[in-house]
Amino acid sequence: MDIFEHEQQIHDDALKRAAEAYKSVPVEDYEALAKQYGKLLKQLRRATKFADKTSIGLHESNLDLEDKVHYDALTGIYNRRYMEESLQRIVKSSVRSGKVLSILLLDVDYFKKYNDFYGHGMGDDCLKAIAKALSGTVMRADDFAARYGGEEFIVVLPETDEAGAELVGNLLLESVRGLCLLHEKSDIENHVTISIGSTTVHPMRGEKYTDYIKLADEALYLSKQNGRNRYTYKEYNKKTEGVVQ
């Protein structure tokens, strides 16, 4: 309820009762006091409204900042901080449920040459286009793509097995190729391409999500070593590790 809703009525009633109770005091004195009271009440009303607006504005600003802190400033997709926080949560959930998790690490092929030749402005535009292509390819609600750092990106696929990860990996390769971004300094193609390293794990207690990223990074290294512009899968096994391309 608005405390100022019946302000005028309260003002008039108070003046009337005061005049009846103290008939010996001139009514003008009560009117003068009532006017001062009215001015103070109006000031309080304005201050209260301003405080409400300020409070709402601060709340909305805080929500906006909380939201922005999870997004990469350049590309607009999730950033590394969001990835790390989410992946920790997903790993814990996977440990409880016993479900698998796939991680894909991506790198833009010969991006330094691209930047040196076309300039950093074009390089930024290239990263933005790739980020958009990646996020548009990763469609399920719980899947997400994030910028890992520099020209590296990461895709997290909860409840996705090796076959599902490979399917998504090939779609990602094609989506970037489909951008047809000219790359005259690439040693493999005349357009921008990416290399992908992937792993699928059954998270267990005591394991760290960074171990899974490290394995995907090792698979990414193999993709680069074997010619780039490809997808490489590395199996997670504490005793033996095999590579499938």
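Look up a bit, the structure's there.
So, here's what we can say about the structure. Please read these numbers as outputs of a predicted model, since none were measured by experiment. Numbering of residues starts from 1 in each chain and follows the order in which that chain's sequence is written. Only residues with pLDDT of 70 or above have their local features reported here, since the model is predicted, and side-chain atom pairs are shown and tallied only from 80 upward, although totals for entire chains, interfaces and linings are computed over all residues. Side-chain measures here rest on the full set of heavy atoms in the structure, leaving out hydrogens and waters.

### Regarding the pairing of strand β4 (residues 194–201)
In the case of a regular strand, side chains alternate between the two sheet surfaces. Burial classes: relative accessible area under 20% of the type maximum marks a residue as buried, over 50% as exposed, and values in between as partly exposed (1.4 Å probe, protein chains only). In this description a helix means any DSSP run of H or I spanning at least four residues, a strand means any run of E spanning at least two, and both kinds are numbered starting from the N terminus. Burial within β4 is extensive, with eight of its eight residues counted as buried. Here β4 shows a buried face lined by Ile194, Ile196, Ser198 and Thr200 and a second buried face lined by Ser195, Gly197, Thr199 and Val201. Bridging between strand β1 (residues 101–108) and β4 involves eight bridges; their strand directions are antiparallel. Its bridge partner lying in β4, Leu101 is registered against Val201. The pairing criterion for strands is at least two bridges between them, as found by DSSP. Inspection of the sheet shows β4 paired to strand β5 (residues 231–234) by three bridges, in the parallel sense.

### Side note on the pattern of salt bridges
Each reported salt bridge corresponds to a side-chain nitrogen of Lys or Arg within 4 Å of a carboxyl oxygen of Asp or Glu. A complete count under the given rule lists eleven salt bridges for this structure. Here Glu84 makes a salt bridge to Arg80, at a shortest N to O gap of 3.2 Å. Here the residue Glu84 and the residue Arg80 both occupy positions in helix α3 (residues 80–97), the gap between them amounting to four residues, near one helical turn. Here Lys234 ties to Glu218 by a salt bridge, and the two come within 2.8 Å at their closest N and O atoms. Of the two residues, Lys234 is situated in strand β5 and Glu218 in helix α7 (residues 209–225); the sequence distance between them amounts to 16 residues. The class for Glu218 is partly exposed, based on a relative accessible area of 23%. What you see here is one network of salt bridges that share partners, running through Lys214, Glu218 and Lys234.

### A closer look at α3
Multiply 1.5 Å by the residue count of a helix minus one, and that product is the helix's expected span. A rise of 1.5 Å per residue sets the reference length of α3, with its 18 residues, at 26 Å; its end C-alpha atoms lie 25 Å apart and thus fit the reference within 8%. Among all positions in α3, only Tyr82, Met83, Ser86, Leu87, Ile90, Val91 and Ser94 are buried. For α3, the angular spread of the buried residues around the axis is 155°, confining them to a single face. Turned more than 90 degrees off the buried face of α3, the exposed positions are Arg89, Lys92 and Arg96. Note on contacts: a residue pair qualifies if any of its non-hydrogen atoms lie within 4.5 Å across the two residues. Looking at the buried residues of α3, the elements they touch are β1, β2 (144–149), β3 (152–158) and α7. Capping the start of α3, Asn79 holds a side-chain oxygen 3.3 Å from the backbone nitrogen of Arg81, two or three residues further along. Looking at the residues trailing α3, positive phi occurs at Gly98, about 75°. Of all possible arcs, the one meant is that of the directions from the helix axis to the C-beta atoms. Think of a polar contact as two N or O atoms within 3.5 Å of one another; within protein, one of them needs to be a possible hydrogen donor and the other a possible acceptor, and neighboring residues in sequence only count if both atoms come from side chains.

### Some thoughts on a negative patch on the surface
What makes a patch is a set of residues exposed beyond 30% relative accessible area and free of salt bridges, joined within 9 Å when like-charged and within 5 Å when nonpolar (Val, Leu, Ile, Met, Phe, Trp, Tyr). Throughout, the Shrake-Rupley method with a 1.4 Å probe supplies accessible areas, and for residues the shown protein chains are the sole cover considered. His is not counted, nor are the chain ends; Lys and Arg add positive charge and Asp and Glu add negative charge. Where a charge lies is defined by one atom per residue type: Lys uses NZ, Arg uses CZ, Asp uses CG and Glu uses CD. Together, Asp161, Glu162, Glu166 and Glu235 make up a region of like negative charge exposed at the surface. You can call Glu162 partly exposed: its relative accessible area is 35%.

### Re the packing of α3 against α7
Between N-to-C directions, angles span 0 to 180 degrees; the directions come from axes that are lines fitted to C-alpha atoms, helices contributing only their stretch in contact. Close contact between α3 and α7 brings their axes to 10 Å; oriented N to C, the two are set at 110°. When the axes of α3 and α7 are compared, the pair comes out roughly perpendicular. Packed against α3, whose contacting residues are Met83, Glu84, Leu87, Gln88 and Val91, the element α7 presents Tyr209, Tyr212 and Ile213 at the interface. Of the residues assigned to the contact of α3 with α7, the class counts are six nonpolar, one polar and one charged. Should an angle fall under 35 degrees it is called roughly parallel, over 145 degrees roughly antiparallel, and 65 to 115 degrees roughly perpendicular, with every other angle called oblique. Any residue outside Ala, Val, Leu, Ile, Met, Phe, Trp, Tyr, Cys, Pro, Asp, Glu, Lys and Arg is labelled polar, Gly included; the first ten of those are nonpolar and the last four are charged.

### Remarks on the packing of aromatic side chains
Aromatic rings from Phe, Tyr and Trp, with only the six-membered ring used for Trp, were paired whenever their centres fell within 6.5 Å, and each pair was classed as stacked if the ring planes differed by under 30 degrees, edge-to-face if by over 60, and tilted otherwise. Within the structure shown, the criterion is met by eight aromatic pairs. When the ring of Tyr71 is compared with that of Tyr78, the centres are 5.0 Å apart and the planes differ by 25°; the resulting orientation is stacked. Judged by relative accessible area, Tyr78 falls into the partly exposed class, the value being 23%. Between Tyr114 and Tyr118, the ring centres sit 4.5 Å apart and the planes meet at 40°, which makes this aromatic pair tilted. In this pair, Tyr114 and Tyr118 are both assigned in helix α4 (residues 111–118), four residues apart and thus about one turn of the helix distant. Through pairs of rings, three or more aromatic residues link up here, namely Tyr71, Tyr78, Tyr82 and Phe144. Criterion for a charge above a ring: Arg CZ or Lys NZ at most 6 Å from the ring centre, at most 35 degrees from the ring normal. Above the plane of the ring of Tyr148 lies Arg80, whose end atom (NZ or CZ) is 4.1 Å from the centre. Between the NZ or CZ atom of Arg228 and the centre of the ring of Tyr110, over which it lies, the distance is 4.2 Å.

### Quick notes on the nonpolar core
Counting residues in hydrophobic clusters, the biggest one holds 26 residues, and the most contacted among them are Leu104, Leu106, Phe153 and Leu172. Residue assignment for this core shows that the elements contributing at least two residues are β1, α4, α5 (120–137), β3, α6 (162–177), β4 and β5. Among the nonpolar cores identified, the runner-up in size contains 19 residues, and Met83, Tyr148, Ile154 and Ala216 belong to it. Put simply, a nonpolar core is a bunch of buried Ala, Val, Leu, Ile, Met, Phe, Trp, Tyr and Cys residues held in one set by side-chain atoms that sit within 4.5 Å of each other.

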